[in-house]
Amino acid sequence: MNIDLEQIVKPLLKWFQKEKRDLPWRKTNDSYRIWISEIMLQQTRVEAVKEYYKRFLDELPTLKELAMVEEDQLLKLWQGLGYYSRARNLHKCAKILIEQGKTELPRDYEKLKKLPGIGPYAAASIGSIAYQLKTPAIDGNVLRVMTRIHEDSRDIMKQKVREEYFLKLSKIMPNNTRDFTESLMELGALICLPNGFPLCQSCPLSFICQSYKNQTMLQYPVKKKIEKRKREEKTILILEYKDKIAIQKRPDNGLLASLYEFESINEKLSLEELKKYLNQKKIKIMNIKQLKEAKHIFSHLEWHMVGYHIICKILPEKEYLWVTKEELETKYSLPTAIMIYAKDLKK
Ligand code: ADE
């Protein structure tokens with residue numbers, strides 16, 4: 001559905017002027033204070049943040065004081081908010097900036113994103129709230145509003161969907177970037193509610209909202225559940241005979257299609273179990289060395305691996321492609337998952 005989003009700007013800002021909540025971080029233009037509030041608000045409810053925000057800034061009113069504080073004292077100030085990595089990242093960030101002789105956060109979206117603990121969302125919210133940058137902050141609230149307006153059934157966990165709304169909203173962003181960002185968040189928090197029925201009767205954007213028109217609000221946003229990854233165990237066998245290594249090509253469809261791989265067994269074998277296995281397969285060994293365990297995570301699958309480097313006494317019966325270590329490195333593509341074992345061969 002193609003919607004002229006420009007039309008949302010005026011009604012949204014007008015609504016915000018009337019309905020906005022009186023929140024402590026809305027009373028300042030100080031980027032330091034806005035940064036602290038955005039980080040606190042990332043995983044904590046507005047009501048809970050209020051008190052922490054005040055206490056934190058009473059103790060550490062400037063970037064410099066945050067940079068200088070003892071970690072223990074900082075963590076004490078954070079105690080109860082949870083997700084302590086947020087506090088550690090604030091600390092790291094302040095130290096970096098003060099060491100660089102800065103007195104405030106950078107006024108640049110890309111530079112903001114490079115700082116510890118500042119992802120695309122925080123960079124965009126700090127940029128638009130404190131620095132008049134046209135960087136719309138795309139959080140869960142904003143995605144809910146947008147996907148309902150557009151009846152967009154794509155998965156909001158997808159980076160691409162977030163980037164697309166970032167671009168769309170940045171194009172219509174008025175000069176008052178702060179109010180625009182805050183008004184979208186506010187609409188998501190007060191009207192376009194996540195649980196139960198949204199309050200469409202009071203919504204300034206119902207005139208353009210496709211899901212309101214079709215009464216499909218509750219179908220949006222679509223958030224695909226991350227399926228639990230399947231766990232597979234593997235024993236990777238690096239067979240060597242006369243200074244050459246056995247590899248084979250994977251099938252030309254499915255996982256890691258057409259890449260080369262070492263021989264493997266779909267379970268983790270101990271050295272004793274492996275010796276029995278090799279005996280059954282009539283692989284005669286001269287030497288065998290256990291390699292370190294390794295793990296590789298695919299989107300839907302995890303491989304938990306153990307490896308063995310086996311020097312064969314005679315050529316194994318099964319047909320392999322026998323290649324030198326150099327060819328293995330330069331000529332054949334191995335999946336990253338088993339690269340760790342290929343690298344070890346060079347040593
Ligand atoms: N959630 C995240 N940032 C916020 C803000 N600035 N105001 C209200 N709620 C928020």
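Conventions used here
Residues numbered from 1 in each chain as written. Predicted model: local features only at pLDDT ≥ 70, side-chain atom pairs only at ≥ 80, totals over all residues. Heavy atoms only, no water. Helix = DSSP H or I, 4+ residues; strand = E, 2+ residues; numbered from the N terminus. Rg over C-alpha atoms; globule rule 2.2 N^0.38 Å. Buried < 20%, exposed > 50% of the residue type's maximum accessible area, 1.4 Å probe, protein only. Contact = heavy atoms within 4.5 Å. Areas by Shrake-Rupley, 256 points an atom, 1.4 Å probe, with all protein chains shown as cover. Lys, Arg positive; Asp, Glu negative; His and termini not counted. Charge placed at Lys NZ, Arg CZ, Asp CG, Glu CD. Domains from an automatic or database assignment. Near = heavy atom within 4 Å. Polar contact = N/O pair within 3.5 Å; in protein donor to acceptor, adjacent residues only side chain to side chain. Disulfide = S-S within 2.5 Å. Axes fitted to C-alpha atoms, helices over the stretch in contact; angles between N-to-C directions. Left-handed = near helix turned anticlockwise from the far one by under 90°. Nonpolar A, V, L, I, M, F, W, Y, C, P; charged D, E, K, R; others polar. Pairing = 2+ DSSP bridges.

1. A few points about the overall build of the protein chain
Okay, step 1: Counting its regular elements, the protein chain contains 15 helices and eight strands.
Okay, step 2: The C-alpha atoms of the protein chain give a radius of gyration of 28 Å, which is well past the 20 Å a tight globule of 347 residues would have.
Okay, step 3: When each of the 347 residues of the protein chain is scored for burial, the buried share is 48%.
Okay, step 4: Pairs at least 24 apart in sequence give 67% of the contacts found in the protein chain among residues at least 6 apart.
Okay, step 5: Put simply, the protein chain shows about 19400 Å² of open surface, and 49% of that area lies on carbon and sulfur atoms.
Okay, step 6: Across the protein chain, the centroid of the 62 positively charged side chains sits 1 Å from that of the 46 negatively charged ones.

2. Structural notes on unusual backbone geometry
Okay, step 1: Residue proline 221 is bonded to the preceding tyrosine 220 through a cis peptide linkage, with omega at -5 degrees.
Okay, step 2: If you check the backbone angles, tyrosine 83 has positive phi at about 45 degrees while not being a glycine.
Okay, step 3: Here tyrosine 83 shows up in the loop between helix 5 (71–78) and helix 6 (85–99).
Okay, step 4: By relative accessible area, which is 51% here, tyrosine 83 ends up exposed.
Okay, step 5: Positive phi is not limited to glycine here, since serine 258 has a value of about 65 degrees.
Okay, step 6: Assignment of secondary structure puts serine 258 in the loop between strand 2 (244–249) and strand 3 (260–261).
Okay, step 7: A relative accessible area of 29% places serine 258 in the partly exposed class.

3. Some remarks on helix 8 (residues 120–130)
Okay, step 1: Counting buried positions along helix 8 yields 10 of 11 residues, so the element is predominantly enclosed.
Okay, step 2: Those residues of helix 8 hidden inside the fold are in contact with helix 2 (31–42), helix 7 (109–113), helix 10 (159–172) and helix 11 (177–190).
Okay, step 3: Looking one or two places after helix 8, you find glutamine 132, whose phi comes out positive at around 55 degrees.

4. Description of the domain arrangement of the protein chain
Okay, step 1: The assigned domain composition of the protein chain is domain 1 (5–219) and domain 2 (230–344).
Okay, step 2: Here the C-alpha centroids of domain 1 and domain 2 sit 48 Å apart.

5. A look at the site of the ligand
Okay, step 1: Near the ligand the following residues occur: Leu23, Trp25, Arg26, Glu38, Leu41, Val46, Tyr121 and Met185.
Okay, step 2: Contact distances for the ligand include 3.3 Å between a nitrogen atom and a side-chain N or O atom of arginine 26.
Okay, step 3: Within the side chain of glutamate 38, one N or O atom sits 2.8 Å away from a nitrogen atom of the ligand.
Okay, step 4: Coverage of the ligand by the protein chains reaches 92% of its 260 Å² of free accessible surface.

6. Details of the state of the cysteines
Okay, step 1: Tallied over the entire structure, the rule returns zero disulfides.
Okay, step 2: In this model cysteine 200 remains outside any disulfide bridge; the closest cysteine sulfur is found in cysteine 203, 6.4 Å from its own.

7. So, the packing of helix 2 against helix 8
Okay, step 1: The N-to-C vectors of helix 2 and helix 8 enclose an angle of 145 degrees; their axes lie 10 Å apart at closest approach. Crossing of helix 2 over helix 8 shows right-handed handedness. For the pair helix 2 and helix 8, the contacting residues are Ser31, Ile34, Trp35, Glu38, Ile39 and Gln42 in the first and Tyr121, Ala122, Ser125, Ile126, Ile129 and Ala130 in the second.
Okay, step 2: Taken together, the residues of the contact of helix 2 with helix 8 break down into eight nonpolar, three polar and one charged.

8. Observations concerning the side chain of histidine 150
Okay, step 1: Note on placement: histidine 150 falls in helix 9 (residues 140–150).
Okay, step 2: With relative accessibility at 6%, the residue histidine 150 sits in the buried group.

9. Considerations on the pairing of strand 2
Okay, step 1: Sheet analysis places strand 1 (residues 230–241) next to strand 2, joined by two bridges and oriented antiparallel. Paired with tyrosine 241 across the two strands is lysine 244, which belongs to strand 2.
Okay, step 2: Count of turn residues in the strand 1/strand 2 antiparallel hairpin: two residues, of which lysine 242 carries a positive phi of about 50 degrees.
Okay, step 3: Where strand 2 lies against strand 3, two bridges are found, and the strand directions are antiparallel. Residue pairing for strand 3: lysine 249 is matched across the bridge by tyrosine 260.

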